[in-house]
Amino acid sequence: WYQRRVREAVVSTQSTGDLYLKADAIPTVAFLDACAAIPKLLITVGGKAVITLSLDISNNINKIQVKQKLNPSKSDTLQAMIHLEIGTMTTHAKHSATTALLWLHRELAFVKEFLLGVAESHGVSDMSAMFIDCYGRTLRNHHNVMSRSVYTVAAKAIPYREDMLRALGHDGLAHTDTAVLTDIRTYSSAIETVVKYIETFYINNKLLMS
């Protein structure tokens, strides 16, 4: 079941990237639908070690959904939603879509690095060091001391690589690590595409903040 769910998520994420390329904007609902699969994916792969990250992602998705529903006609794309807040000078307001999307973009960057790290860690069973390395290259610089300590502790609870691959491939059917690794790489590439577009949009509009 879950392997099918992962592949559905991969297709959804890839579709979001394709829509951005064609229309120069990311459809909000399609993007959020694709992201909604990620927390469950993380729990399946990382177990209790990634509960905090999963909750943070879900919270940011919810914040963006709330903003989209307040003004759906002017929030049909992520870019339109953020431009709306730029126009009303509310990008730094509490629970703004701008801040929520910025954090979601950072979290997705970590997810991409983490999943790709799992795929590329051939011959390595303990994923703790890889987890910390991915964290250091993405979220760490944006977190306070307390948050950093949470991830340091979480790294010690990361499952072994073989257990992660087994969890991703388990759907009651025969599977191979090769098929699972292919899915992970495809999924990571799709996430990276979306992350890059969001980051470029924020840089162009001078919206990046610490």
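Residues numbered from 1 in each chain as written. Predicted model: local features only at pLDDT ≥ 70, side-chain atom pairs only at ≥ 80, totals over all residues. Heavy atoms only, no water.

**Notes on the overall build of the protein chain**
At step 1: Along the backbone of the protein chain there are 10 helices and 0 strands.
At step 2: Taken from the N to the C terminus, the helices and strands of the protein chain come in the order α-α-α-α-α-α-α-α-α-α.
At step 3: Each of the 210 residues in the protein chain was classed as buried or not, and the buried ones make up 45%.
At step 4: If you take every contact in the protein chain between residues at least 6 apart in sequence, the share linking residues at least 24 apart comes to 71%.
At step 5: Of the roughly 10500 Å² of accessible surface on the protein chain, 57% is carried by carbon and sulfur atoms. (Helix = DSSP H or I, 4+ residues; strand = E, 2+ residues; numbered from the N terminus. Buried < 20%, exposed > 50% of the residue type's maximum accessible area, 1.4 Å probe, protein only. Contact = heavy atoms within 4.5 Å. Areas by Shrake-Rupley, 256 points an atom, 1.4 Å probe, with all protein chains shown as cover.)

**Thoughts on the confidence of the model for the protein chain**
At step 1: Averaged over all residues, the pLDDT of the protein chain equals 86, while 85% of them reach at least 70.
At step 2: Low pLDDT, under 50, characterises residues 1-17; the predicted model gives this stretch 41 contacts beyond four residues in sequence or across chains. (pLDDT = per-residue confidence, 0-100.)

**Regarding the environment of serine 128**
At step 1: Examined against the element boundaries, serine 128 turns out to sit in helix α7 (residues 128-137).
At step 2: When the C-alpha positions of serine 128 and lysine 156 are compared, they lie 5.9 Å apart, and in sequence the two are 28 residues distant.

**Topic: the packing of α7 against helix α8 (residues 145-155)**
To characterise two packed helices, one gives the angle between the axes of the helices and the distance between these axes.
At step 1: Relative to each other, α7 and α8 sit at 155°, their axes nearing to 9 Å. The angle between α7 and α8 places the two elements in the roughly antiparallel class. When the axes of α7 and α8 are compared, the crossing they make is right-handed. Seen from α7, the contacting residues are Ser128, Phe131, Ile132 and Tyr135; seen from α8, they are Ser147, Arg148, Tyr151, Thr152, Ala154 and Ala155.
At step 2: Here the contact of α7 with α8 is built from residues that sort into 6 nonpolar, 3 polar and 1 charged. (Axes fitted to C-alpha atoms, helices over the stretch in contact; angles between N-to-C directions. Parallel < 35°, antiparallel > 145°, perpendicular 65-115°, else oblique. Left-handed = near helix turned anticlockwise from the far one by under 90°. Nonpolar A, V, L, I, M, F, W, Y, C, P; charged D, E, K, R; others polar.)

**A word on helix α2 (residues 28-35)**
For an α-helix, the turn length of 3.6 residues means that residues three or four places apart are oriented alike.
At step 1: Here α2 has its buried residues at Thr28, Phe31, Leu32, Ala34 and Cys35. When α2 is viewed along its axis, its buried side chains cluster within an angular range of 160° and face the same direction. (Arc of directions from axis to C-beta.)

**Comments concerning the packing of aromatic side chains**
At step 1: Overall, the coordinates contain 7 aromatic pairs when judged by the stated rule.
At step 2: Taking the centre distance of 6.2 Å and the plane angle of 85° together, the rings of phenylalanine 110 and tyrosine 151 count as edge-to-face. Linking phenylalanine 110 in helix α6 (residues 97-120) with tyrosine 151 in helix α8, this pair joins segments that are 41 residues apart in sequence. Comparing phenylalanine 110 with tyrosine 151, the two get one shared label, buried.
At step 3: Ring geometry for phenylalanine 114 and phenylalanine 131: centres 5.7 Å apart, planes at 85°, overall edge-to-face. With a gap of 17 residues between them, phenylalanine 114 in helix α6 and phenylalanine 131 in helix α7 connect regions that are remote in the sequence. Exposure class is identical for phenylalanine 114 and phenylalanine 131. Each is buried. (Phe/Tyr/Trp six-rings, centres within 6.5 Å; stacked < 30°, edge-to-face > 60°.)

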